[in-house]
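Listed below, chain by chain, are the residues.
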Amino acid sequence: ENELRLPLMEVFARGHQLIGTGDNPANELMVFFADRLKVHLRERGILHDRIDAVFALGGEDDLVRLLARVDALIEFLGTEDGENLLTAYRRAANILKIEEKKDERTYDGEALLDQFVQAEETHLYAELRDASRAIADAVTNEDFAAAMTALAALREPVDAFFDNVTVNVDDASLRENRLKLLNRIRSALGGVADFSKIEG
């Protein structure tokens, strides 16, 4: 409430050093604090899936920063860009899930620029590259509103890609490259939150 910053893992580690016995309970304590924070946020009327989408990223022990990310995500999802990008994310994730299961492999490698044959592929690739950098910088600077703005910029190129590009084509190398591009969509959005946790 007062935006006091406290790195909890450091506090837990120091407490364990002072006690000097038994296993370090830091991870268990973080789970406890996370559960209590979820209850607090639900009491504020925040939907559990928005909370889970941020908590699922893991590695966060600064509750002030975590709350700021949750608030930014909620605001973003309340916009038209946010709603449409969530729909596009689900479409990309569903295609990848089906094709990765069918092919018994993942498509997490880098898409090759010289294999794009449609302007929408090239444009999306460039926008994803720029957005990923902007998102990473914004998150590092704890400017979560800027991270959401970078996400919003993806709406048009992602929509254009899905409107004009067929992913599952007969050409195996072209299909693979396009699936890797879909994975870039999933990865870019994953820099802000785990969108697979968002319901509705």
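Above: the structure in question.
We now turn to the structure provided with this report. (Residues numbered from 1 in each chain as written. Predicted model: local features only at pLDDT ≥ 70, side-chain atom pairs only at ≥ 80, totals over all residues. Heavy atoms only, no water.)

**Observations regarding the pattern of salt bridges**
What the rule picks out here adds up to 19 salt bridges. Note that D52 is salt-bridged to K38, the shortest N-O span being 3.2 Å. Here K38 lies in helix α2 (residues 26-43) and D52 lies in helix α3 (residues 48-55), a separation of 14 residues in the sequence. The partly exposed category is assigned to D52, whose relative accessible area is 21%. Residues R65 and E142 are paired through a salt bridge, measuring 3.1 Å at the closest nitrogen-oxygen approach. Here E142 lies in the loop between α6 (119-140) and α7 (144-152) and R65 lies in helix α4 (residues 63-77), a separation of 77 residues in the sequence. Since its relative accessible area comes to 24%, R65 is described here as partly exposed. Using a relative accessible area of 31% as the deciding quantity, one classes E142 as partly exposed. Taken together, the shared-partner salt bridges in this structure form one network comprising R5, E60, D62, R65 and E142. (Salt bridge = Lys/Arg side-chain N within 4 Å of Asp/Glu carboxyl O. Helix = DSSP H or I, 4+ residues; strand = E, 2+ residues; numbered from the N terminus. Buried < 20%, exposed > 50% of the residue type's maximum accessible area, 1.4 Å probe, protein only.)

**Here's the deal with the packing of aromatic side chains**
The geometry of an aromatic ring pair is captured by the separation of the ring centres together with the interplanar angle, meaning the angle of the planes. This structure, assessed with the given rule, holds five aromatic pairs. Seen in terms of ring centroids, F12 and F33 are 5.6 Å apart; in terms of plane orientation they differ by 50 degrees. Their pairing is tilted. Of this pair, F12 sits in helix α1 (residues 8-19) while F33 sits in helix α2; the two residues are 21 residues apart in sequence, bridging distant segments of the chain. Taken together through their ring pairs, the aromatic side chains of F12, F32 and F33 make up a single cluster. Just above the ring of Y125 sits the side chain of R184; from NZ or CZ to the centre is 5.6 Å. (Phe/Tyr/Trp six-rings, centres within 6.5 Å; stacked < 30°, edge-to-face > 60°. Lys NZ or Arg CZ within 6 Å of the ring centre and 35° of its normal.)

**Some details on the packing of α4 against α7**
Where α4 contacts α7, the two axes come as close as 9 Å, and the packing angle between them is 35 degrees. Of the two possible hands of crossing, α4 and α7 adopt the one that is right-handed. Contacts between α4 and α7 involve R65, A68, R69, A72, L73 and F76 from the first element and F144, A145, M148, L151 and A152 from the second. Taken together, the residues that form the contact of α4 with α7 break down as nine nonpolar, no polar and two charged. (Axes fitted to C-alpha atoms, helices over the stretch in contact; angles between N-to-C directions. Left-handed = near helix turned anticlockwise from the far one by under 90°. Contact = heavy atoms within 4.5 Å. Nonpolar A, V, L, I, M, F, W, Y, C, P; charged D, E, K, R; others polar.)

**Side note on unusual backbone geometry**
In the Ramachandran plot, E104 falls in the positive-phi region, its phi being about 55 degrees despite a non-glycine side chain. Residue placement: E104 occurs in the loop between α5 (80-103) and α6. A residue is classified by how much of its surface remains accessible, and E104, at 74% relative accessible area, is exposed.

**Some details on the packing of helix α8 (residues 155-164) against helix α9 (residues 172-190)**
Where α8 contacts α9, the axes come no closer than 12 Å and their chain directions differ by 150 degrees. Here α9 runs roughly antiparallel to α8, going by the angle between their axes. Considering how the two elements wind past one another, α8 and α9 form a crossing that is left-handed. Where α8 abuts α9, its residues V158, F161 and F162 lie against L181, L182 and I185. The class makeup of the residues in the contact of α8 with α9 is six nonpolar, no polar and no charged. (Parallel < 35°, antiparallel > 145°, perpendicular 65-115°, else oblique.)

**Points about the side chain of D49**
In this fold, D49 is placed in helix α3. Polar side-chain contacts of D49 include one of 2.8 Å to the backbone nitrogen of E199. Here D49 is in contact with K197, I198 and E199, once residues within four sequence places are set aside. (Polar contact = N/O pair within 3.5 Å; in protein donor to acceptor, adjacent residues only side chain to side chain.)

**A word on the nonpolar core**
Residues L151, L182 and F195 are the most contacted members of the largest nonpolar core, which totals 54 residues. Residue assignment for this core shows that the elements contributing at least two residues are α2, α3, α4, α5, α6, α7, α8 and α9. (Core = buried A, V, L, I, M, F, W, Y, C linked by side-chain atoms within 4.5 Å.)

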